[in-house]
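# Chains, contacts and geometry: an overview
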Amino acid sequence: MRTPAIKSRPVYAGLQVNPHARRTLFALQGEGAKALFEQVERAGREFLTRSEVLFLAGNSVQHLAGLQQLAPHLVRQAPNLDSLLQRLRDDLAIAKMGTSLQVAGTEGFIGQVLQVAMDSHIDAASICTEHRGSLARRVQCVHCKQFTDGVTHSPFACSGCGLGLLVRDHYSRRLGAFQGVNVDAEAPGTAPSLEELYP
Amino acid sequence: MSISTDMPMRVAEITQVADRVKRFRLERRDGGTLPYFSGGAHVVVTMRDAGGLRRNAYSLMSAPHESSAYAISVLHVEKSRGGSQFMHEQVDLGTELTVSQPVNLFPVDQRGRRHLFLAGGIGITPFMAMLEQLERGGQDFELHYAIRGRSHGAYWRELQGKFGGRVNVYCDAEKVFIPVAKLLDDQPLGTHLYVCGPTGMIDATLTMARHAGWPQQNLHFERFLGPPAGNAFRVILQRSGMDVAVEGRQSILEAVEAAGVDAPFLCRGGACGQCATAVLGLDGALEHNDHYLSDAEKVSNSKLMICVSRFKGRALVLDL
């Protein structure tokens, strides 16, 4: 069941390397690696020696070799999301102005990287983001507050309380998640059938 | 329709703080308290004399939590259009003035990890209130203040006394200048830069910051652009059914106000966009002097910022 688009729905304008940046940090997930490959085609290789890549491969392990071939200053493959976010947090804590952050991957990934960046006092508007890979969403249940990652259907059963949740376009930048609301709260049992909306 | 926020005030103290700078302490005539404000805010002072009506914007430099009085500083400008001359020569202790409520178009970005201030001359005034605010909040800041000579700089002693080593003073006369490039290269991520002073200083600082990879979200500036003088001309105010003369030293906004027409404004310096006025008819060329409209909007000739912009030609019709 689709809901009408609303203003809080994030817009991802795409990666854009700033030639003046003293240092560029790329946080890439899965198919997000392709966003960097395309940047290199468009903007040349000059920025790579001043770039560091944090990569969470997921099902796209094949891109690791491509990233290493670009020979940036550093490529670091993270075993899981938490470890990537911790690495990023540590990097940003000692980074200087002139450092540019570029993020590409699924919406859930981008949202959680932006949370770390905002905690590090970076204005989200100065971060370049590009949506790549699955349309799956990270959703917070507005009732029990549990997060469910990789949501592809709406409605879906909350991983915390089990309620049938309608996935809204209402997005929380603070939480890095879409909001899920009980779909048949007023008349239980009347939920519409589930639909794959975010493959 | 401008929002009527005017407060009747009286000059309670005048201090000559430097060669050409006077500080005015303003209190409410009824003895009441004033609204708190946030650092970077300005007020608009209305002046009435033989020359007619004039309104100038001045940054509040007193502490934002101080509600018994406001303080502003006025530099005596050599080629004054009248405002600074009026404040310096005609305002005495006890003079009654009308002052607007504070408006802030130059606020501190509270999300910042650190705040770096670059001031040139009288551009120090908004920063004085900002530093008080940040000090109270225990936030990290550093000021770099360029002055022409020790007797020109209005507040360097007071600021060094209050904030110690976080205040750095550079004196042109001693050939010591702010090391802008070095400062830009060594700031922790999340630093915000604020610059206020002469146009050349603002432009050079912003260019250097962009070249050092700073994003525009972290760059803040305030230009005190007085309305530039030009040729006299006439404007037709369609809604009011009036034909108003604008003198060479007057802005359209000032001429319209003198004619008794109420037009909206906030900054009176071409920065805020509040006084954007639709152009209904034009036979001639608009002279856009503002920093608000985009280049595309400027060439479209569809609107005009009447606080600073002018006109050359045969006829200009405005939606006022």
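For the structure given in this document, a descriptive report is provided here.

Scoring rules and cut-offs
Residues numbered from 1 in each chain as written. Chains lettered and ligands numbered in written order. Predicted model: local features only at pLDDT ≥ 70, side-chain atom pairs only at ≥ 80, totals over all residues. Helix = DSSP H or I, 4+ residues; strand = E, 2+ residues; numbered from the N terminus. Rg over C-alpha atoms; globule rule 2.2 N^0.38 Å. Buried ≥ 20, exposed ≤ 12 C-beta atoms within 10 Å, placed from the backbone. Contact = placed C-beta atoms within 7 Å. Pairing = 2+ DSSP bridges. Axes fitted to C-alpha atoms, helices over the stretch in contact; angles between N-to-C directions. Expected span 1.5 Å × (residues − 1). Arc of directions from axis to C-beta. Parallel < 35°, antiparallel > 145°, perpendicular 65-115°, else oblique. Left-handed = near helix turned anticlockwise from the far one by under 90°.

## Side note on the overall build of chain A
The helix and strand tally for chain A stands at four helices and 12 strands. Against the globule reference of 16 Å for 199 residues, chain A gives a C-alpha radius of gyration of 18 Å, in line with a compact fold. Put simply, chain A has 199 residues, and 39% of those count as buried. Of the contacts formed within chain A by residues at least 6 apart in sequence, a portion of 63% connects residues at least 24 apart.

## Observations regarding the overall build of chain B
When helices and strands are counted, chain B shows seven helices and 16 strands. Its C-alpha radius of gyration of 20 Å places chain B within 12% of the 20 Å reference for a compact globule of 320 residues. Across its three principal axes, chain B shows a C-alpha extent of roughly 60 × 50 × 35 Å. Within chain B, the proportion of its 320 residues that are buried is 42%.

## Digging into the sheet that holds strand β6 (residues 137-141) of chain A
Residues and elements named next belong to chain A. Strand order across the open sheet formed by five strands is β7-β6-β11-β10-β9, with mixed pairing between neighbours. Where the open sheet ends on each side, the last strands, each with one partner, are β7 (147-151) and β9 (156-157). Against the sheet, helix α4 (residues 107-119) contacts β6, β7 and β11 (177-182), and its axis sits at roughly 65 degrees relative to β6.

## Digging into the pairing of strand β14 (residues 276-287) of chain B
Summarising the sheet, β14(B) and strand β15 (residues 303-305) of chain B pair through three bridges and their orientation is antiparallel. For B:A276, the partnering residue across the bridge sits in β15(B) and is B:M305.

## Focus: the sheet that holds strand β2 (residues 21-28) of chain B
Residue and element names in this part refer to chain B. The sheet built from six strands is open, its strands ordered β4-β3-β6-β1-β2-β5 with antiparallel pairing. At either margin of the open sheet sits one strand with a lone partner, and together these are β4 (52-59) and β5 (70-75). Each strand axis lies, on average, 40 degrees off the axis of its neighbour in the sheet, ignoring direction. As defined by bridge partners, strand β1 (residues 7-18) adjoins β2 across eight bridges and the pair is classed as antiparallel. In the sheet register, I14 faces β2, and the bridge partner there is F24.

## Digging into unusual backbone geometry
Of the consecutive residues A:S154 and A:P155, the connecting peptide bond is found in the cis state with omega at -5 degrees. Topologically, A:P155 is positioned in the loop between β8 (153-154) and β9. Residues other than glycine seldom take positive phi values, yet B:N301 does so here, at roughly 55 degrees. When you line up the elements, B:N301 lands in the loop between α7 (295-300) and β15. Given 12 C-beta atoms within a 10 Å radius, B:N301 is considered exposed.

## Some points on the environment of B:E96
All names here are of chain B. Along the polypeptide, E96 turns up in strand β6 (residues 96-99). Judged by the 11 C-beta atoms lying within 10 Å of it, E96 falls in the exposed class. Beyond its immediate stretch of four places on either side in the chain, E96 contacts P8, R10 and R29.

## Overview of helix α5 (residues 199-211) of chain B
Residue and element names in this part refer to chain B. For α5, spanning 13 residues, the distance from its first C-alpha to its last is 18 Å, which sits close to the expected 18 Å at 1.5 Å a residue. Buried residues of α5: M201, T205 and A209, and no others. Down the axis of α5, the sector holding all buried residues measures 60 degrees, keeping them to one side. Along α5, exposed side chains directed more than 90 degrees from the buried face belong to T199, G200 and T207. Against the buried residues of α5 lie β7 (114-120), α4 (180-185), β10 (191-196) and β11 (219-222).

## Quick notes on the packing of helix α3 (residues 81-94) of chain A against α4(A)
Residue and element names in this part refer to chain A. Across the interface, α3 lies against α4 with an axial gap of 10 Å and an inter-helix angle of 30 degrees. Relative to α4, the element α3 lies roughly parallel. As α3 runs across α4, the sense of the crossing is right-handed. On α4, the residues that touch L81, L85, L88, R89 and L92 of α3 are Q112, V113, V116 and A117.

## Structural notes on the pairing of strand β16 (residues 310-318) of chain B
Residue and element names in this part refer to chain B. Summarising the sheet, strand β12 (residues 233-237) and β16 pair through two bridges and their orientation is parallel. Bridging across to β16, I236 finds its partner in V317. One ladder, built from eight bridges, connects β14 with β16; its direction is antiparallel. Residue pairing across strands places G281 opposite V317, the latter belonging to β16.

## Observations regarding the environment of A:L165
Residues and elements named next belong to chain A. Topologically, L165 is positioned in strand β10 (residues 164-172). Since 30 C-beta atoms lie within 10 Å of it, L165 is described here as buried. Along the sequence, L165 and D90 sit 75 residues apart, while their C-alpha atoms lie 36 Å from each other. L165 has contacts with V139, C141, P155, F156, C158, G180, V181, N182 and V183, leaving out every residue within four places of it along the chain.

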